[in-house]
Amino acid sequence: MKITFRWYGESDRITLNQIRQIPCVSGVVSAIYDTPVGSVWSEESIARLVGQCNAAGLECEVIESVPVHEDIKLGLPSAKRYIDAYCENIRRLAKHGVKCICYNFMPVFDWLRSDLETPLPDGSNALTYRHRTVLEMDPATSELSLPGWDESYTKEGLKALLKQYESVDEEKLWGNLQHFLEAVIPVAEAEGVKMGIHPDDPPWGIFGLPRIITGADNIKRFLSLVDSPANGITLCTGSLGVARENDLSEIAEIAKGRIPFVHMRNIKITGERDFEETAHPSCYGNVDMYAVLKKLLDDGFDGYVRPDHGRMIWGEKGRYGYGLYDRALGATYLAGLYEGIVKSKKEERK
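We now turn to the structure provided with this report. (Residues numbered from 1 in each chain as written. Predicted model: local features only at pLDDT ≥ 70, side-chain atom pairs only at ≥ 80, totals over all residues. Heavy atoms only, no water.)

This next bit is on the overall build of the protein chain. Broken down by element type, the protein chain carries twelve helices and twelve strands. Relative to a compact globule of 350 residues, whose C-alpha radius of gyration would be 20 Å, the protein chain shows 19 Å and is just as compact. Projected onto its principal axes, the C-alpha coordinates of the protein chain cover approximately 60 × 45 × 40 Å. A total of 350 residues make up the protein chain; the buried ones form 56% of that total. Intrachain contacts of the protein chain at a sequence separation of at least 6 include 73% that bridge at least 24 residues. About 14,900 Å² of surface is accessible on the protein chain, with carbon and sulfur atoms providing 48% of the total. Distance between charge centres in the protein chain, computed from 41 positive and 51 negative side chains, equals 3 Å. (Helix = DSSP H or I, 4+ residues; strand = E, 2+ residues; numbered from the N terminus. Rg over C-alpha atoms; globule rule 2.2 N^0.38 Å. Buried < 20%, exposed > 50% of the residue type's maximum accessible area, 1.4 Å probe, protein only. Contact = heavy atoms within 4.5 Å. Areas by Shrake-Rupley, 256 points an atom, 1.4 Å probe, with all protein chains shown as cover. Lys, Arg positive; Asp, Glu negative; His and termini not counted. Charge placed at Lys NZ, Arg CZ, Asp CG, Glu CD.)

So, in structure tokens, the structure goes:
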């Protein structure tokens, strides 16, 4: 298992040197951020990114993400050229040592929260989701700006895109996803790259848009669309964990051998569809972090893990959910869990 850390490139206030100083972190998870969605990434940009990380003593074997163009999700005739570009990006990334690509198939919006800095009792602040607040939002008129979300849409462009999705239900989205997978997974398999789809966050429909990577049954269906070791999931304990019906150990069992990448974070469920993000240790939320990691390791997981969204602590300001301090604490917590689980297993074998 390799512990990694998300880095947003040269514009990130967090430096590679700082990441290098976090104990047990061996690599960076990043992407090319200055290329329009659906375009081919330049060889120079990829080589520069990997070279920067390597020069800092860090690996760059995971890309998060290569975004999927909306035309692919909509199933438009133009999807073919965007899929062809996606396949070329897989080839180019593999050439520079990338072994895992995380992506999602969420229409229009990436992960969504209703508040980006809710004060917590300990004086920190965190991302939270209140379903009633979201229901009162009008995405076509509200000023929505989230870290991790593609903010390239104009208001008029967003309205038009939402209109297009009125004809896309869950079954049509499943069909468009299968078409995408049937094209890209053979390329990934040939190049030695493992694809990990990220669950929908939150794992239920929003703004009338369909969401399909939401729980055990749908993940089982997803894995059957293209039965290949290159077609896997990014197991995100926070995204899946906010739905009470999701048993994370059950999902890990369903996807055994098909989980190349894991986002480990904790959440606290505060209502039927309300939650707040917390510190990483199990005692702070509803996710048994030890149980999930132990299940993965018992099943032979040897992929990549990163601490996911962190609180803002100790007065830090920066990209919401992606500060340095709390995620660094999360990384060292994961390293401690890993050491404890591995040593316990060795003791059991004696």
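The subject of this paragraph is the nonpolar core. By size, the foremost hydrophobic cluster in this structure holds 98 residues, and its most contacted members are Leu177, Phe180 and Phe222. For this core, the element with the highest residue contribution is helix α7 (residues 170-191), accounting for nine residues. Setting aside anything within four residues of it in sequence, one finds Leu177 in contact with Phe105, Ile197, Ile212, Ile213, Phe222 and Leu225. Residues Val29, Val62, Phe261 and Tyr304 belong to the second largest nonpolar core, which totals six residues. (Core = buried A, V, L, I, M, F, W, Y, C linked by side-chain atoms within 4.5 Å.)

A few words now on the sheet that holds strand β5 (residues 115-119). With respect to topology, four strands assemble into an open sheet ordered β5-β6-β11-β10, the strand pairing being antiparallel. The strands lining the two open edges of the sheet, one partner per strand, are β5 and β10 (267-271). Neighbour-to-neighbour, the strand axes of this sheet turn through a mean angle of 35 degrees, independent of strand direction. Taken together, the four bridges between β10 and strand β11 (residues 274-277) define a ladder with antiparallel strand orientation. Counterpart to Gly271 in the pairing with β11 is Asp274. (Pairing = 2+ DSSP bridges. Axes fitted to C-alpha atoms, helices over the stretch in contact; angles between N-to-C directions.)

By themselves, these figures tell us nothing about what the structure is for.
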